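Chain by chain, the residues:
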Protein chains: 2
Amino acid sequence: MSHTPGVRQAQKQKTRQALMDAALGLLEEQSLSSLGLREVTRAVGVAPTAFYRHFPSVADLGVALVEEALGSLHPMIRTTVSPAEDSDERIARAVELIAGHVAAHPAHVRFIARERHGGVQPVRDAIREQLARFAQEVKTELAKDPVSAGWSDADLLMLAGLYVDQMLVTGSLFLEALEVQDDQEAQDDHGAQKEARRRAADTATRQMRLISIGRRHWLD
Amino acid sequence: MSHTPGVRQAQKQKTRQALMDAALGLLEEQSLSSLGLREVTRAVGVAPTAFYRHFPSVADLGVALVEEALGSLHPMIRTTVSPAEDSDERIARAVELIAGHVAAHPAHVRFIARERHGGVQPVRDAIREQLARFAQEVKTELAKDPVSAGWSDADLLMLAGLYVDQMLVTGSLFLEALEVQDDQEAQDDHGAQKEARRRAADTATRQMRLISIGRRHWLD
DNA sequence: CCATGCAGTTAACAACTGTTCTCTGGAATT
DNA sequence: AATTCCAGAGAACAGTTGTTAACTGCATGG
């Protein structure tokens with residue numbers, strides 16, 4: 001049943017991906033609930049009706065984007081939180097990892113930040129579900145750490161949630177830093193952007209350090 | 001100049017407020033970037049062109065909503081963070097205050113959460129500015145607390161930012177708890193909603209407590 | 001009391017939207 | 001080699017959108 005050996009399915013997935021990419025681009029200056037079906041197909045260069053061959057509606061396109069943006073992130077998160085080495089060094093590594101991810105996939109990060117509380121329910125639900133999975137995974141990693149000895153299940157989950165939220169906050173912070181260059185176009189003022197990036201990393205590091213300190217003294 | 005004694009100005013502000021209220025209502029199931037001018041005027045019961053007498057565009061309506069939603073919150077925040085009484089009791093009071101605010105003005109909270117990273121730049125900027133003011137105010141209150149003795153300016157600001165972010169996270173958490181009743185309409189299942197509320201308050205309290213612990217041990 | 005200002009109306013416009021039905025060409029199956 | 005399948009095109013539909021211009025009526029200030 002359908003081993004799909006084909007040139008056919010390949011082309012289909014190619015246009016499907018083109019639709020998703022075009023949508024992601026258009027979503028940089030609007031939200032999903034205002035994204036039109038025709039707008040997307042026009043950007044790709046296909047007929048409006050072709051859209052229906054891939055998604056029943058723009059909302060479903062959004063759900064697919066959620067999985068593209070967050071689905072491949074699970075292993076990365078697991079290895080980052082897993083107990084190892086010195087705490088301060090792990091924090092620095094986590095912050096750098098987030099910064100790198102935002103620099104590599106800014107549109108994905110913006111999409112998640114924007115649609116997490118956005119106007120399209122199925123997309124909100126998909127994001128919430130992925131983040132809940134993240135929290136569960138972080139929780140199981142935290143449980144392995146000797147620091148978590150004696151912690152209740154509820155406490156572990158609350159800390160995992162705090163980490164996940166903080167990850168998103170840090171992500172948007174780096175995203176804002178990336179947008180600094182757009183405001184000043186006089187000369188290529190990469191200095192100000194680098195500055196904003198550095199300040200974002202600094203703030204994120206301090207906040208994660210404070211959380212980590214609170215974690216160590218939780219059972220006092 | 002312009003003591004505006006009039007019945008005239010009163011009626012104008014009345015329709016202006018009606019436009020804002022209608023917009024806020026419509027924004028419960030979409031985002032601002034998809035909110036149409038005609039949609040709003042239709043909901044109020046005035047001609048589409050009447051809109052221009054009050055706002056140049058929907059984006060400006062959004063900026064006005066930001067000020068309505070956050071402008072009156074400054075004194076409340078200042079008194080909540082100000083140093084007094086026991087720490088755990090202050091946390092409980094803060095969480096209850098947020099819960100009460102969300103219950104009293106759910107549409108405002110949803111609007112801020114949604115448009116903070118939404119698709120309309122002027123609105124994003126307005127929210128960011130208000131939140132920055134919050135952070136500054138929280139910072140000056142934190143500085144008064146003896147616990148903050150020896151803290152650098154950057155550390156105080158980072159903690160203030162953490163508190164502000166946590167306030168928003170807690171707000172959306174309570175908002176999600178409010179929406180639980182919509183999912184199950186069989187009977188008036190207020191039990192599940194109360195449960196969700198309780199769990200949200202519990203999580204928020206634990207998280208703030210952990211942050212507060214990290215704060216006390218920051219200078220170790 | 002009369003002239004002005006201005007909140008709100010009416011009508012019309014070109015442009016755009018999502019969705020339907022019908023059709024086509026080429027890959028996939030037999 | 002003949003047939004089926006199906007991604008995409010094309011045309012047409014009924015609604016919707018933002019914005020314009022010219023208007024009406026009433027509270028205001030002289």
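Parameters and conventions
- Residues numbered from 1 in each chain as written.
- Chains lettered and ligands numbered in written order.
- Predicted model: local features only at pLDDT ≥ 70, side-chain atom pairs only at ≥ 80, totals over all residues.
- Heavy atoms only, no water.
- Least-squares fit on C-alpha atoms with pLDDT ≥ 70 in both.
- Contact = heavy atoms within 4.5 Å.
- Axes fitted to C-alpha atoms, helices over the stretch in contact; angles between N-to-C directions.
- Helix = DSSP H or I, 4+ residues; strand = E, 2+ residues; numbered from the N terminus.
- Parallel < 35°, antiparallel > 145°, perpendicular 65-115°, else oblique.
- Left-handed = near helix turned anticlockwise from the far one by under 90°.
- Nonpolar A, V, L, I, M, F, W, Y, C, P; charged D, E, K, R; others polar.
- Domains from an automatic or database assignment.
- Buried area = accessible area lost by both parts, 1.4 Å probe.
- Salt bridge = Lys/Arg side-chain N within 4 Å of Asp/Glu carboxyl O.
- Polar contact = N/O pair within 3.5 Å; in protein donor to acceptor, adjacent residues only side chain to side chain.

## Details of the relation of the copies chain B and chain A
Point 1. With an RMSD of 0.0 Å, the fit of chain B onto chain A corresponds to turning through 180° and sliding 0.0 Å along the axis. Classification of the inter-copy transformation places it as that of a two-fold axis. No C-alpha of chain B approaches the rotation axis more nearly than that of Gly214 of chain B, which lies at 1.8 Å.
Point 2. Both copies share a contact surface, since 100% of the interface residues of chain B are interface residues in chain A too.

## A closer look at the packing of helix H3 (residues 58-70) of chain B against helix H7 (residues 121-144) of chain B
Residues and elements named next belong to chain B.
Point 1. For the pair H3 and H7, interaxial distance at closest approach is 8 Å and the crossing angle is 20°. Taken together, the axes of H3 and H7 lie roughly parallel to each other. Helix-helix and strand crossings are classified by hand; for H3 and H7 the assignment is right-handed. Between H3 and H7, the residues in contact are Ala59, Gly62, Val63, Val66, Glu67 and Leu70 and Pro122, Val123, Ala126, Ile127, Gln130, Leu131 and Phe134, respectively.

## Describing the packing of helix H4 (residues 74-81) of chain B against H7 of chain B
Residues and elements named next belong to chain B.
Point 1. For the pair H4 and H7, the least separation of the axes is 9 Å and the interaxial angle reads 30°. With respect to each other, H4 and H7 are oriented roughly parallel. Crossing handedness for the pair H4 and H7: right-handed. Mapping the contact onto sequence places His74, Ile77, Arg78 and Val81 in H4 and Gln130, Arg133, Phe134, Glu137, Val138, Glu141 and Leu142 in H7.
Point 2. Residue composition of the contact of H4 with H7, by class: 5 nonpolar, 2 polar and 4 charged.

## Topic: the domain arrangement of chain A
When the parts of a complex come together, some accessible area is lost, and that lost area is often taken as the interface size.
Residues and elements named next belong to chain A.
Point 1. Structurally, chain A comprises domain 1 (7-56) and domain 2 (68-216).
Point 2. Taking only C-alpha atoms, the centre of domain 1 and the centre of domain 2 are 29 Å apart.
Point 3. Roughly 810 Å² is buried in total at the junction of domain 1 and domain 2, and carbon and sulfur atoms are behind 64% of that figure.
Point 4. Here domain 1 is connected to domain 2 by 1 salt bridge.
Point 5. For Arg110, the salt bridge is made with Glu28, and the minimal N-O distance between the two is 3.7 Å.
Point 6. Taken together, the links from domain 1 to domain 2 amount to 5 residue pairs in polar contact (both at pLDDT 80 or more).

## Things to note about the interface of chain B and chain A
Point 1. Taken residue by residue, the interface counts 37 residues in chain B and 37 residues in chain A.
Point 2. Across the chain B/chain A interface, buried area totals approximately 3,000 Å², and carbon plus sulfur atoms make up 62% of it.
Point 3. For chain B, the biggest contributors to the area lost against chain A are His117, Arg206 and Leu210 of chain B; these three give 21% of the whole.
Point 4. For the pair chain B and chain A, the interface holds 4 salt bridges.
Point 5. Of the charged contacts, one joins Arg128 of chain A and Glu176 of chain B as a salt bridge, the two residues approaching to 4.0 Å between their closest N and O atoms.
Point 6. One can count 13 residue pairs in polar contact (both at pLDDT 80 or more) joining chain B with chain A.
Point 7. Where the side of chain B that touches chain A is concerned, the elements lending two or more residues are helix H6 (106-115), H7, helix H8 (153-178) and helix H10 (190-216) of chain B.
Point 8. Per-element accounting of the side of chain B that touches chain A gives the leading share, 11 residues, to H8 of chain B.
Point 9. The residue makeup of the side of chain B that touches chain A, split by class, is 11 nonpolar, 15 polar and 11 charged.

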